[in-house]
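Spelled out, the chains give:
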Amino acid sequence: MELIQFLQGELLLTGTLLALIILLIVNIYGDTFKKYAVVDTHAAVSLMDDDELIILDVREEKERSSGFINNDINIPMSQVKNKMGSLDKSKNILVYCKSGTRSDQISGFLSKNEFQNVSSLKGGFNAWQKAELPIQK
């Protein structure tokens, strides 16, 4: 009874607690139901054994001046929706950006639009460079 009175008296605290619980649940179940894989640089290199792999860079053109992964296709995030018809839904796709945030969003978007084999590079191009893997300039 005292707990209920306390929670009623502390509405901001109670609301914050409920919001944190909801965010925790969404985070746990969101990862469980992802339809795409998040891969590290080692797994990404293994994916490249597939000669037909599509490597999709969703960074802006100006970001590519620091380098890019060989044989990739650059479609900036803002243009993916309009240009997704140019991608083969049956092929494996590895999506990357600078840090992994945009590639996660685009991987989720592609997965929801019937692309079957989508992977997002964890850590993005930053992780690729840190692993000292080859880049093109």
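Everything in this summary refers to the structure shown in the same document.

Cut-offs and rules
- Residues numbered from 1 in each chain as written.
- Predicted model: local features only at pLDDT ≥ 70, side-chain atom pairs only at ≥ 80, totals over all residues.
- Heavy atoms only, no water.
- Helix = DSSP H or I, 4+ residues; strand = E, 2+ residues; numbered from the N terminus.
- Buried < 20%, exposed > 50% of the residue type's maximum accessible area, 1.4 Å probe, protein only.
- Contact = heavy atoms within 4.5 Å.
- Lys, Arg positive; Asp, Glu negative; His and termini not counted.
- Charge placed at Lys NZ, Arg CZ, Asp CG, Glu CD.
- Pairing = 2+ DSSP bridges.
- Axes fitted to C-alpha atoms, helices over the stretch in contact; angles between N-to-C directions.
- Salt bridge = Lys/Arg side-chain N within 4 Å of Asp/Glu carboxyl O.
- Right-handed = clockwise from strand over helix to strand, strands pointing away.
- Polar contact = N/O pair within 3.5 Å; in protein donor to acceptor, adjacent residues only side chain to side chain.

1. Things to note about the overall build of the chain
Helix and strand content of the chain: six helices and five strands. Element order for the chain, N to C, with α for helix and β for strand: α-α-β-α-β-β-α-β-α-β-α. Projected onto the principal axes, the alpha-carbon positions of the chain cover approximately 65 × 30 × 25 Å. The buried share of the chain, reckoned over its 137 residues, is 31%. For the chain, long-range pairs separated by at least 24 residues make up 67% of all intrachain contacts whose partners lie at least 6 apart in sequence. Taking the average place of the 15 positive charges on the side chains of the chain and the average place of its 17 negative ones, the gap between the two points comes to 5 Å.

2. Let's talk about the sheet that holds strand β2 (residues 54–57)
Spatial strand order, β1-β5-β4-β2-β3: five strands in an open sheet with parallel pairing. In the strand order of this sheet, the two ends are held by β1 (37–39) and β3 (72–74), each with one partner. Going from strand to strand, the sheet's axes swing by 30° on average, the running direction of each strand aside. As paired elements, strand β4 (residues 93–96) and strand β5 (residues 118–121) share three bridges and run parallel to each other. Across the sheet, residue leucine 94 finds its bridge partner in β5, namely serine 119. In the packing of helix α5 (residues 101–112) onto the sheet, the strands contacted are β1, β2, β4 and β5, and the crossing angle to β5 comes to about 175°.

3. Re the pattern of salt bridges
Per the counting criterion, the structure on display carries five salt bridges. Residue arginine 102 pairs with glutamate 63 through a salt bridge whose shortest N-O separation is 2.8 Å. Taken together, the positions of arginine 102 in helix α5 and glutamate 63 in the loop between β2 and β3 put the pair 39 residues apart, joining distant regions of the chain. Residue arginine 102 is classed as partly exposed on the basis of its relative accessible area of 21%. A salt bridge links lysine 89 to glutamate 114; the nearest nitrogen and oxygen atoms lie 3.6 Å apart. Of the two residues, lysine 89 is situated in the loop between α4 (80–83) and β4 and glutamate 114 in the loop between α5 and β5; the sequence distance between them amounts to 25 residues.

4. Structural notes on the pairing of β5
Residue alternation in β5 divides its side chains into two sets, Val118 and Ser120 and Ser119 and Leu121, and both sets are buried. Pairing geometry for β1 and β5, over three bridges, is parallel. Along β5, the bridge assignment pairs valine 39 with leucine 121. Viewed along the sheet, the connection from β4 through α5 into β5 turns out right-handed.

5. Notes on the environment of tyrosine 96
Within the fold, tyrosine 96 resides in strand β4. Taking C-alpha positions, tyrosine 96 is 9.7 Å from aspartate 72, a pair spaced 24 residues apart along the chain. The residues contacting tyrosine 96, other than those within four sequence positions of it, are Ile55, Leu56, Asp57, Val58, Arg59, Arg64, Phe68, Ile69, Asp72, Ser103, Leu121 and Phe125. Side chain to side chain, tyrosine 96 and aspartate 72 meet in a polar contact 2.5 Å long.

So, to be careful, I would describe these as geometric facts and stop short of saying anything about function.
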